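Each chain, letter by letter, is given below.
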Amino acid sequence: MHYANSETLVTTREDGVLTLCFNRPQSLNAFSVELLRALRQNLEVARADDHVRVVVLTGSGRAFSAGQDLAELGEAREFTIEEHMRQHYSPLILALADFPKPTLAAINGVAAGAGAGVALACDFKLMAEDARFLLAFAQMGLVLDSGTSYFLVRALGRTRALELALLGAPILANQAEALGLVNRVVSQGAMETQLSDWTRLLARGPSPSFSLIKAALRQAETHSLAEILELETAFQGKATASLDYRRALEAFLQKKPSPFAP
Ligand code: T3D
């Protein structure tokens, strides 16, 4: 399979970093079926592409994404909402949550509805100081979807998650950072520098170790301590058999810095 070549998703690959930029600025990068398909396909290809070590999601223009394309959804269609969600959003969110390499959302502007879900499914969230999350679901007479129930309640607990979901007030960047929904808030001008600091570090990091750490943390969300101890044991066995471990150990014994040190 090859990377999809779609105008709605600008795909670039440089120095181990795959950037997927939503490109429908006229509708604030609302997710059309074409964009959702291209996004899924390119994540699937990137999973197996050894040249890709980090994936960045971002939006062109003034938005990250305004969520589902409401105009497209409103048009005559031959599918139900349930089919649409099962076919597009659920596999996309799972593909992101289970992605074996680090993923970063560069939230350059508003992230609404499913746009918020996609951003929250990424590992790192970098937010512009004038960006915001909009849990626009209840305002539209909808329910939380695209994993937002899952991510919000785990990040914030039930009380705060309910307040934000039911009242639907925009979550401004500083509030999102204070709540722990995003890692860092920076000015628009500083987005690129912060992003490349992170991607450079992650791209030269120990990929197999990252993949195992991600898998263990994901399992830790739902498994018991005893199960996680067993999983960590198995994963440590794999990690210590890796070339990266041997390189880092050798550096340590020679009193040199780790090849992966920040
Ligand atoms: O199928 C399923 O799975 C259901 C799933 C649902 C999950 C969802 O994601 S539901 C959709 C959730 N998103 C929203 O409700 C956000 C809708 N958009 C807005 O509320 C506003 O656009 C914003 C607050 C995000 C920004 O407002 P503003 O004033 O800065 O911009 P604007 O003028 O409203 O939007 C600019 C253009 O983008 C405009 O088009 P126009 O008039 O210039 O031709 C607007 O219609 C278009 N646009 C914005 N959001 C969407 C959209 N077009 C289609 N779908 C959108 N979601």
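Everything below is about the structure shown above.
These remarks concern the structure in this document. (Residues numbered from 1 in each chain as written. Predicted model: local features only at pLDDT ≥ 70, side-chain atom pairs only at ≥ 80, totals over all residues. Heavy atoms only, no water.)

With respect to the site of the ligand
Applied cut-off: Being near a molecule or strand, for a residue, means having at least one of its heavy atoms within 4 Å of it. Pairs of N or O atoms are called polar contacts if they sit within 3.5 Å, as long as, within protein, a hydrogen donor faces a hydrogen acceptor (for residues adjacent in sequence, only side-chain-to-side-chain pairs). For every accessible area listed, the method is Shrake-Rupley and the probe measures 1.4 Å; residues are considered covered only by the protein chains on display. The helix count covers DSSP runs of H or I at least four residues long, the strand count covers runs of E at least two residues long, and both are numbered beginning at the N terminus. Nonpolar residues are Ala, Val, Leu, Ile, Met, Phe, Trp, Tyr, Cys and Pro. Charged residues are Asp, Glu, Lys and Arg, and all others, Gly as well, are polar.
Close to the ligand lie 25 residues; R62, A66, Q68, H84 and A114 are nearest. In this structure, Q26 approaches the ligand through a main-chain N or O atom, which is 3.5 Å from an oxygen atom. In the environment of the ligand, an oxygen atom lies 2.8 Å from a nitrogen or oxygen atom belonging to the backbone of A114. Compared with its free state, where it exposes 1,000 Å², the ligand has 64% of that area covered by protein. The set of elements that each furnish at least two residues to the shell around the ligand consists of α2 (70-74), α3 (81-97) and β8 (132-134). No other element matches α3, which puts four residues into the shell around the ligand. By residue class, the composition of the shell around the ligand is 15 nonpolar, six polar and four charged.

Some remarks on the packing of aromatic side chains
Put simply, the rule reads: Aromatic rings from Phe, Tyr and Trp, with only the six-membered ring used for Trp, were paired whenever their centres fell within 6.5 Å, and each pair was classed as stacked if the ring planes differed by under 30 degrees, edge-to-face if by over 60, and tilted otherwise. Only protein chains enter the calculation, and the probe is 1.4 Å; a residue is then buried if its accessible area is under 20% of its type maximum, exposed if over 50%, and partly exposed in between.
Considering all chains together, one arrives at five aromatic pairs under this definition. Considering the side-chain rings of F124 and W198, the 5.3 Å spacing of their centres and the 55° angle between planes classify their relative orientation as tilted. Taken together, the residues F124 in strand β7 (residues 124-128) and W198 in helix α8 (residues 191-203) connect sequence positions 74 residues apart. Measuring from ring centre to ring centre gives 5.5 Å for Y150 and F151, while their planes differ by 85°; the resulting arrangement is edge-to-face. By relative accessible area, F151 is classed as buried at 16%. In textbook terms, an aromatic cluster arises when at least three aromatic residues are bridged by ring pairs, as seen for F22, F31, F64 and Y89.

The quantities given are spatial measurements derived from coordinates; they are silent on function.
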